[in-house]
Amino acid sequence: MDQIQYVGEHPIFGLIGHGLIIAAFVSALLATFSYIWSYKYRTDATTSNQWKQLARNSYFIHAFSCISIFVLLLFMMVNSYYEYFYVWSHVNDKLPMQYIFAAFWEGQEGSFLLWILWHSIIGIVMIFKTKEWESLTLPVLCMTQAFLLTMIFGIHIPLGETVSKIGSSPFVLLRDVMDAPIFAKPDYLSVIEGRGMNVLLQNYWMTIHPPILFLGFALCTVPFSYVVGGLISGKHKECLKDVQPWSLIAAAILGLGILLGAAWAYEALSFNGYWAWDPVENMSLVPWLVLVAGLHTNLIANATGRSVKSTYWFYALAFILVLFSTFLTRSGVLGDSSAHAFTEMGLEWQLILFFTAFLAFFTVLYFRKSNSIVDVEKEESIASREFWMFIGSIVLIFASILITFTTSIPVYNKILDFWGGLLNINLVSYHRSAPLDPISHYNKFQLWTAIFIAILSGAAYYLRYKENNFAAKAMGFWIKMGIFAGLSILFSWIATFFIQLPSWQYFLFFGAGLFTFFSNLFYLVKFFRNKPKQAGSVISHMGFGLMLIGIIGSGLNKRFISTNPFTQKGMIADEDLGKNVLLIRDAPMVMSGYEVTYHGDTILQNNRTFNLSFDKLNAKGEKVEHFDLKPNVVYERDFSKVAASNPSTLRTLKKDIYVHIASLPPEEINAEQAKEKEDSLKFNTYTVNSNDTVFAKKIFIKAGKVHFDSQNKNYKPEQGDIAISVDLEVGNMKDDTIFKVSPMVVLRKELLLNFGTQINDLSTKN
Amino acid sequence: MIFQQKIELHPDIFKPLFEKGTTNTHQISLKQGDEFEIEGKKLFFKQFKMLDNDPKKIIVNGIITDSEGKIVGTPAFEIVGNSSRSDKVYLSDANALIAMTKINPDTETASFEYNIVKGLNSNIPLKVAENSTRSDYIVLEAVEFPGINFFWLGSLMMMVGLGWSILPKLRKKNGRNSSI
């Protein structure tokens, strides 16, 4: 095949891409070692500066290479260079250009590149902002980049009968990946089109959520870099002061990325809510929780000199957990347990090496260097702010451990299988099972985490750092706590008139949310009224309180309004009676105080949108409010089956009403079932004269006029068509129901198009 | 009882169109108000009627009536850009399939073509399946989320607060210079 001169290929771009990956990798290593030497010779300013200059130049080459890889691949995707496997896999001619970025990071290689791009930019900012920390922090970032770049190497090493793979390159040719007869044709590009992007991901959330999330992941590298720098230099106090803004921005951006994911799940995916405790969601939340724990111990360290070690560990773990999360979501290990993890690509050992290398590096470094951390000998008071902030951080870490433990169940099973394979023992019976109902499993534990954190974040503000005379202020403290607790209980009790708080635990959860809200609001008004720049933390804690209130409202009080068991019994499965209704076109159905009518649907490309009207009814059954909702389903590109059902939501200040299509007639869900239905129909043939009547088994048919013009709205006439339709009146022999229909048949050259008519009686109950 | 049927026209319905003699096309040119005869049935070309409901194409109907003035068919002539199309109409009383193939507004004349098609009104073949299930429904799930805006507002405030907290740190950092 190598002898064939292919027409229309652009091999130069692939070569440039591979060259840029190598250049980026080599320059990252060079920058790493030059920075290390720059620090090593720090006492000799001239030598140190020479190494630093070399390191900077290397880094700029590295950043330029990384940005160029990104731009080059984007250019190839925009220009549909289908000879490249990655381009072919994620782009086709039908892809709207607004989704080109989403298509870019849809695949493993593209999302690694996104992460690499953010690191490159962050590195440039660090060169200008980290000042004296530059030589200590940049090597960590550069080594992370080097590891990430190996993920897009695409090197295959033959090892005996198997081939070991280092990375997966986005610049590999389609004909090098696939073995197909078409590649014997020199002009194969003229007859192929890209497979294109997954239709489910063609939405604006896919454009904005991954870049924010990956920026958050990339920013988690910075606190880790500082921690390494702090341990090596022994300048712990300075390190923890300088790292804090980076940690704050990392937590804010990563949190925003997670929040956008939640909003996507709520708005576009049928998760039936914003958080489903999906493993991929969990593993983006855990690094954030650990980072937030680190932020709080960082505050303690800056104020009191305590918790330096725990801060180092929490920041390091936040970064390592990002890498662990990368392993979980990209190795294919979660394939069966998550709706949106990547499939296996043969990179699992490389991903394991990635996070274990950094974990091992940090562990060794910590135990070699942490003896320079001076412990504060005097024990902190139980009534001090730092004590309770530390307890809060531990609670966050404990929550993270619980989440990680359950989310990692597929990993334990894989480890067992691995050892079983080595020892030739079947260890499948030792496999652990993931929780059948993950939402209630996680909620059961995390409910208490939230209560503890809410109470602590409400109370700790009124305690002082290094408190040594709490007794003098105890009365004032307890009075304030009493007032906030009293207000919380009062408002929680009032809330029970509007929402359900079915057990004391939920009452406590709701009350804890109110407690931290009131407590922080008071603090904001009393102490930060004239210092708004310092109000960030109280705003965060007030937000946390409101979030808990929202969780109780929207989670515990979430209510299926699509229910009318009396009317629907027999129409849908008994187990769905409490949450689904079957709506027949143009037949209004009453459900939970609403009259809903399904008016039909429209199809645009692969989207089928359903038109629903809702009328809210008062106690007398009168219509008092009207609104329309338009949920849709997305079909696969070839319309072979429904790929996804997307909700439509009415937003109001007090509540949202969220609807989605739970099911369709089987023949409209997939083509196979449509064929099965067509094959199962038992047709009998009858003949009838115009203005005459014929009797079938259960019905009679009276024929009317014969038409040669187009009567059917689904028929699009073409030149040369012969279309015949007949007006029929169809009656049921057991009652007086008469349906007027006009079946139609079209002869288009040798093709026969049959527009038969389905008659459906509204009285569907037996 | 569930009353659900699928009714189709059997392809044999096209048979009369291809019977011997039916493919002989007759041509006729008529002015508005002209009388003509097909298979002994007296008919009138009453008038043109231009439809103006579609701005992208011109549609002209030719109105044909019987001797009592009752409309028996309205063959349409459609012009889209440079091309034209004629719909055939079945005149059941005259057993004829007629189409308006050309129009001349200046002379108020139109050209028609017709075939004699016998038997289209008799023995119309139908295929009826009485075991067909309905397909005009959806199964809907609707959920009410009370107070969800507290969740969005609260979580957004958490992130904004985190970002906001950088402000005083940056100010302090700019004023300090430590050495490693």
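Residues numbered from 1 in each chain as written. Chains lettered and ligands numbered in written order. Predicted model: local features only at pLDDT ≥ 70, side-chain atom pairs only at ≥ 80, totals over all residues. Heavy atoms only, no water.

Along chain B, the regular secondary structure elements total two helices and 13 strands. Once local pairs closer than 6 in sequence are excluded, the contacts in chain B between residues at least 24 apart make up 44%. In the form shown here, chain B has an accessible surface area of approximately 9000 Å², with 49% of it arising from carbon and sulfur atoms. (Helix = DSSP H or I, 4+ residues; strand = E, 2+ residues; numbered from the N terminus. Contact = heavy atoms within 4.5 Å. Areas by Shrake-Rupley, 256 points an atom, 1.4 Å probe, with all protein chains shown as cover.)

All names here are of chain A. Here helix α14 (residues 385-407) crosses helix α15 (residues 409-423) at 50 degrees, and the two axes come no closer than 4 Å. Taken together, α14 and α15 sit at an angle that is classed as oblique. Counting all contacts with α14, which are made through Thr404, Phe405, Thr406 and Thr407, the residues of α15 involved are Ile409, Pro410 and Tyr412. (Axes fitted to C-alpha atoms, helices over the stretch in contact; angles between N-to-C directions. Parallel < 35°, antiparallel > 145°, perpendicular 65-115°, else oblique.)

Once that is clear, we can look at the nonpolar core. Within the largest apolar cluster, 191 residues are counted, with the highest numbers of intra-cluster contacts made by Met77, Trp115, Trp288, Tyr312 and Phe362 of chain A together with Trp152 of chain B. Of all the elements, helix α10 (residues 236-267) of chain A adds the most residues to this core, at 17 residues. Counting 30 residues, the second-largest nonpolar core is a separate cluster that includes Tyr686, Ile724 and Ile759 of chain A together with Leu120 of chain B. (Core = buried A, V, L, I, M, F, W, Y, C linked by side-chain atoms within 4.5 Å. Buried < 20%, exposed > 50% of the residue type's maximum accessible area, 1.4 Å probe, protein only.)

What follows is about the pairing of strand β11 (residues 648-651) of chain A. Residues and elements named next belong to chain A. Burial along β11 is one-sided: the residues Ser648 and Leu650 are buried and none of Thr649 and Arg651 is. Here β11 runs beside strand β12 (residues 655-663); their pairing, made up of four bridges, is antiparallel. When the bridges of β12 are listed, Ser648 appears paired with Val659. In textbook terms, the turn of a hairpin is the stretch between consecutive antiparallel strands, and for β11 and β12 this stretch comprises three residues. (Pairing = 2+ DSSP bridges.)

Glancing now at the sheet that holds strand β9 (residues 89-91) of chain B. What links the strands of a sheet is backbone hydrogen bonding, and the strands pair in either a parallel or an antiparallel sense. Residue and element names in this part refer to chain B. Read across the sheet, four strands follow the order β2-β11-β10-β9 without closing on themselves; strand pairing throughout is antiparallel. Sheet topology places β2 (26-31) and β9 at the edges, where each strand pairs with a single neighbour. Strand after strand, the sheet turns through a mean of 35 degrees between neighbouring axes, direction not considered.

All names here are of chain A. Structurally, the position occupied by Ser310 is in helix α12 (residues 308-330). Here Ser310 falls in the buried class, since its relative accessible area comes to 14%. Apart from the residues lying within four places of it in its own chain, the contact partners of Ser310 are Thr297 and Phe390.

Once that is clear, we can look at the pattern of salt bridges. Residue and element names in this part refer to chain A. Summed over all chains, the structure comprises 17 salt bridges over all chains. Notably, a salt bridge pairs Arg175 with Glu9, separated by 2.7 Å at the nearest N-O pair. With Arg175 in helix α7 (residues 174-177) and Glu9 in the segment before α1 (11-40), this pair connects stretches of sequence that are 166 residues apart. The exposure class assigned to Arg175 is buried, which follows from its relative accessible area of 18%. Counted as one network, the salt bridges with shared partners bring together Glu267, Arg651 and Asp656. (Salt bridge = Lys/Arg side-chain N within 4 Å of Asp/Glu carboxyl O.)

Residue and element names in this part refer to chain A. In contact at an axis separation of 8 Å, helix α8 (residues 204-219) and α10 are set at 155 degrees when each is read in the N-to-C sense. By the criterion of interaxial angle, the relationship of α8 to α10 is roughly antiparallel. The two elements α8 and α10 cross, and the hand of that crossing is left-handed. (Left-handed = near helix turned anticlockwise from the far one by under 90°.)

This part covers the environment of Ser645 of chain A. Residue and element names in this part refer to chain A. Within the element layout of this structure, Ser645 appears in strand β10 (residues 642-646). A relative accessible area of 15% places Ser645 in the buried class. Side chain to side chain, Ser645 and His660 meet in a polar contact 3.4 Å long. (Polar contact = N/O pair within 3.5 Å; in protein donor to acceptor, adjacent residues only side chain to side chain.)

Turning our eyes to something else, we now look at unusual backbone geometry. Residues other than glycine seldom take positive phi values, yet Ser80 of chain A does so here, at roughly 50 degrees. Residue position: Ser80 of chain A is located in the loop between α2 (45-78) and α3 (85-90). One non-glycine residue, Glu39 of chain B, lies in positive phi territory at about 50 degrees. By the element assignment, Glu39 of chain B lies in the loop between β3 (35-38) and β4 (41-51).

Residue and element names in this part refer to chain A. Enumeration according to the criterion identifies zero disulfides over all chains in this entry. The cysteine Cys142 is free of any disulfide, with Cys66 supplying the nearest cysteine sulfur at 9.5 Å. Counting only cysteine sulfurs, Cys239 is the nearest neighbor of Cys220, a cysteine outside any disulfide, at a range of 15 Å. (Disulfide = S-S within 2.5 Å.)

Below, the discussion takes up the confidence of the model for chain A. Residues and elements named next belong to chain A. On average, residues of chain A carry a pLDDT of 89, and 96% of them reach 70 or more. For chain A, per-element mean pLDDT is lowest for helix α22 (residues 671-680), which scores 78, and highest for helix α9 (residues 221-233), which scores 97. Overall, residues 762-766 carries pLDDT values under 50, and its contacts beyond four positions in sequence, including any with other chains, amount to 14 contacts. (pLDDT = per-residue confidence, 0-100.)

The next point concerns the side chain of Ser38 of chain A. Residues and elements named next belong to chain A. On the secondary structure map, Ser38 appears in helix α1. A relative accessible area of 1% places Ser38 in the buried class. For Ser38, the side chain forms a polar contact with the side chain of Ser135, separated by 3.1 Å.

A few words now on the sheet that holds strand β13 (residues 683-688) of chain A. The four strands lie next to each other as β13(A)-β12(B)-β1(B)-β20(A), forming an open sheet whose pairing is antiparallel. Edge strands, defined here as strands with exactly one partner in the open sheet, are β13 and β20 (757-760) of chain A. Direction aside, neighbouring strands of the sheet carry axes that sit 25 degrees apart on average. Note that β20 of chain A and strand β1 (residues 4-9) of chain B share four bridges and pair antiparallel.

The next point concerns the interface of chain B and chain A. Between chain B and chain A, the contact holds 80 residues from the first and 137 residues from the second. With both chains or domains summed, chain B and chain A bury close to 10100 Å², and 65% of this area falls on carbon and sulfur atoms. Taken together, the links from chain B to chain A amount to two salt bridges. The partner of Glu144 of chain B in a salt bridge is Arg559 of chain A, and the shortest N-O contact between them spans 3.3 Å. Each residue belonging to the side of chain B that touches chain A can be placed in one class, and the counts come to 44 nonpolar, 21 polar and 15 charged. (Buried area = accessible area lost by both parts, 1.4 Å probe. Nonpolar A, V, L, I, M, F, W, Y, C, P; charged D, E, K, R; others polar.)

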